[in-house]
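So you can see what is in the structure, the chains are spelled out below.
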Amino acid sequence: MIDVLKAKKAGIRTEEYILAVDMGTTAFKAAVFDYDGKELGCATREYSIIAPHPGWAEVEVSTYVEAFNYVINKAIENVAERQPDNEEPITLADILTVGFSCQCETSVFLDKDGKPLRNAIVWLDTRASKQAEDIVDTFGSRTVQKNTGQVGADAIWPGAKLLWLKENEPEVFGGIDKVLQLNSYMAYLLTGRFVSEDSMLGSSIYFNVNTRKYWAEMLDYIGITENQLPDIRRPGDYVGNVSVDAASEFGFSTYTAVSIGGTDLACAAIGSGNIKPGDFSDSTGSSICTMTLVDHLVIDPDKHMPCYCSALPGMFMVHSYGNGGMFMKWFRDILCDKEMEIEAGGGKNAYDQLDILAAQAPAGCGGLIALPHLQGSGPPWVNPNAKAVFYGMTLAHTKAHFVRAIMESVTMVLSCIIDATERLDIKVDKIVTTGGGALSPIWCQIKADVTGRPVITTVNNESSGCLGAAILAGLSSGAWPDLETACEATIRQDIVYKPNPENREVYDKTLADFKQLMGCLEPMFK
């Protein structure tokens, strides 16, 4: 595994540094941590999703590699810039362990030489909705749910994507030697080994959540074998050391160990201290993801909320997802040239400017309601054909109203997720929020007001995914004796946003209108 003694003899300061990379939907972020959870340096790289047809979402695989290379080097540069002049700058070769926090369901297809056969198909791609329905029709919804914990028919499933390839790109499907999700692909590039973990595989639809093994009947139906899939490990497990070739390409030492990490949601939950049954966390980045930790497999009789393996041994998570900050990013990129110009000129960040605007609009936005479903909707309304909407516009509405309506729309989804979670006899008393959305005071306050629950942020909340991955990686390398000790050493509460009772009535009405609008438009989502 990790021979720290040999590394020390080689002059590598391995006892001090863990590097974690959060591979998000529209950006990668790398952060370097010490064993106290202090973020020593970080870097982010945004990238674009290719959408050649409605509902499609792809990324060139080389774009992921370039983003990875950029953020790991920039994060190290950032650490070096903060070090005293008399201290020797650290390099990537000084990193003890690399860990991953990763978006789910994004699929990479490799040939026998380990080269990508086509662009990666991103998790939010909805082209495989018919194939997902075919899976459910063939096996029955209850059988699918019993074996996988998944509900409805969801085009995000990697298994459905594989069926789409089989039917529409047979030359690609026939050439697949390995199908990997993104953390598995990066681990392969670093170590040469094909490994995944069960929190990531939970929504593949070919993984059995009960046995934590591949579901043989589903593999047969799709037409793939276990040999085409990575070995299954536990989240955070050691994969291997960086290979000689990868050390040369990326700059790590061959003493650097690679941890497989876990899903971005599971890592963000750990990075915010969500490690006990009943803890509820919300991560608002490109998507909104929620997680409630439970000590048993939960099968929702209403088939609203899916259940996954968590990043903790023997534990599960009731998990939901949907479009989140991506709606705000779309609005920024399409309609906020002025704010982008100010940022490019050295002024305030465009998102911070939009925050100021949102605070100028009243709660409820004067009747302006938005649905945030740019790429379909997730639980509790799994509908790959759902669309984003602004409803109720009048001459009185300004840009500020639209920005706040976006924030409120994502929060209405959060409120519906909490309602569906509590119907499973899981009490949600507070919300620990992470991701880029946690940096917005107005958005955090909206979440508290809409849900009627305190919303808590933590120090380093924007890096909670990275911190969670670093904790898992550190545990695999012996940095801490157990998870509780690691969390006590690294996680600190920051701000508590308490519900404002004055906004209760208007948000109750907004939520009712939101649900009614969703119900009325659902027949049109085709």
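Residues numbered from 1 in each chain as written. Predicted model: local features only at pLDDT ≥ 70, side-chain atom pairs only at ≥ 80, totals over all residues. Heavy atoms only, no water.

Caption draft 1: Inspection of the overall build of the chain at higher detail. The helix and strand inventory of the chain stands at 19 helices and 24 strands. For 526 residues, the compact-globule estimate of 2.2 N^0.38 gives 24 Å, and the chain sits close to it at 22 Å. In terms of overall dimensions, the chain has a C-alpha envelope of 70 × 60 × 45 Å along the principal axes. Taking all 526 residues of the chain together, the buried fraction comes to 61%. For the chain, the proportion of contacts with a sequence separation of at least 24, taken over those separated by at least 6, is 71%. (Helix = DSSP H or I, 4+ residues; strand = E, 2+ residues; numbered from the N terminus. Rg over C-alpha atoms; globule rule 2.2 N^0.38 Å. Buried < 20%, exposed > 50% of the residue type's maximum accessible area, 1.4 Å probe, protein only. Contact = heavy atoms within 4.5 Å.)

Caption draft 2: Main features of the sheet that holds strand β18 (residues 307–309). Pairing is mixed across the open sheet formed by seven strands, whose spatial order is β18-β19-β17-β16-β22-β23-β24. Two strands in the sheet have a free side with no partner beyond their single neighbour: β18 and β24 (493–497). Along the sheet, successive strands turn relative to each other by an average axial angle of 30°, direction set aside. (Pairing = 2+ DSSP bridges. Axes fitted to C-alpha atoms, helices over the stretch in contact; angles between N-to-C directions.)

Caption draft 3: Quick look at helix α5 (residues 158–168). Within α5, eight of the 11 residues are buried, which leaves the element mostly enclosed by the surrounding structure. Along α5, the positions that sit buried rather than exposed are Pro158, Gly159, Ala160, Lys161, Leu162, Leu163, Trp164 and Leu165. Where α5 is buried, its residues touch β6 (107–110), β7 (120–121), α3 (129–139), α6 (170–174), β8 (178–181) and α9 (216–222).

Caption draft 4: Here's a closer look at the nonpolar core. Within the largest apolar cluster, 176 residues are counted, with the highest numbers of intra-cluster contacts made by Phe28, Phe68, Ile72, Phe100 and Phe252. The leading source of residues in this core is helix α15 (residues 399–422), at 14 residues. Setting aside residues no more than four positions away along its own chain, Phe252 makes contact with Leu19, Phe68, Ile72, Leu92, Ala93, Ile95, Val98, Leu190, Val242 and Ala247. (Core = buried A, V, L, I, M, F, W, Y, C linked by side-chain atoms within 4.5 Å.)

Caption draft 5: Highlighting the packing of aromatic side chains. One pass over the structure, following the stated rule, counts 15 aromatic pairs. Seen in terms of ring centroids, Tyr206 and Tyr214 are 6.2 Å apart; in terms of plane orientation they differ by 50°. Their pairing is tilted. Taken as a pair, Tyr206 and Tyr214 share a single burial class, namely buried. Ring centres of Trp381 and Phe514 lie 6.0 Å apart, and the angle between their planes is 45°; this geometry places the pair in the tilted category. Taken together, the residues span a long stretch of sequence, with Trp381 in the loop between β20 (369–372) and β21 (388–391) and Phe514 in helix α19 (residues 504–521) at a distance of 133 residues. Grouping aromatic residues by their ring pairs yields a cluster made of Phe327, Trp330, Phe390 and Phe402. The positively charged end of Arg127 is found above the aromatic ring belonging to Trp164, 4.7 Å away from the centroid. Of note, Lys178 hangs over the ring of Phe194, and the distance from its end group to the ring centre comes to 4.9 Å. (Phe/Tyr/Trp six-rings, centres within 6.5 Å; stacked < 30°, edge-to-face > 60°. Lys NZ or Arg CZ within 6 Å of the ring centre and 35° of its normal.)

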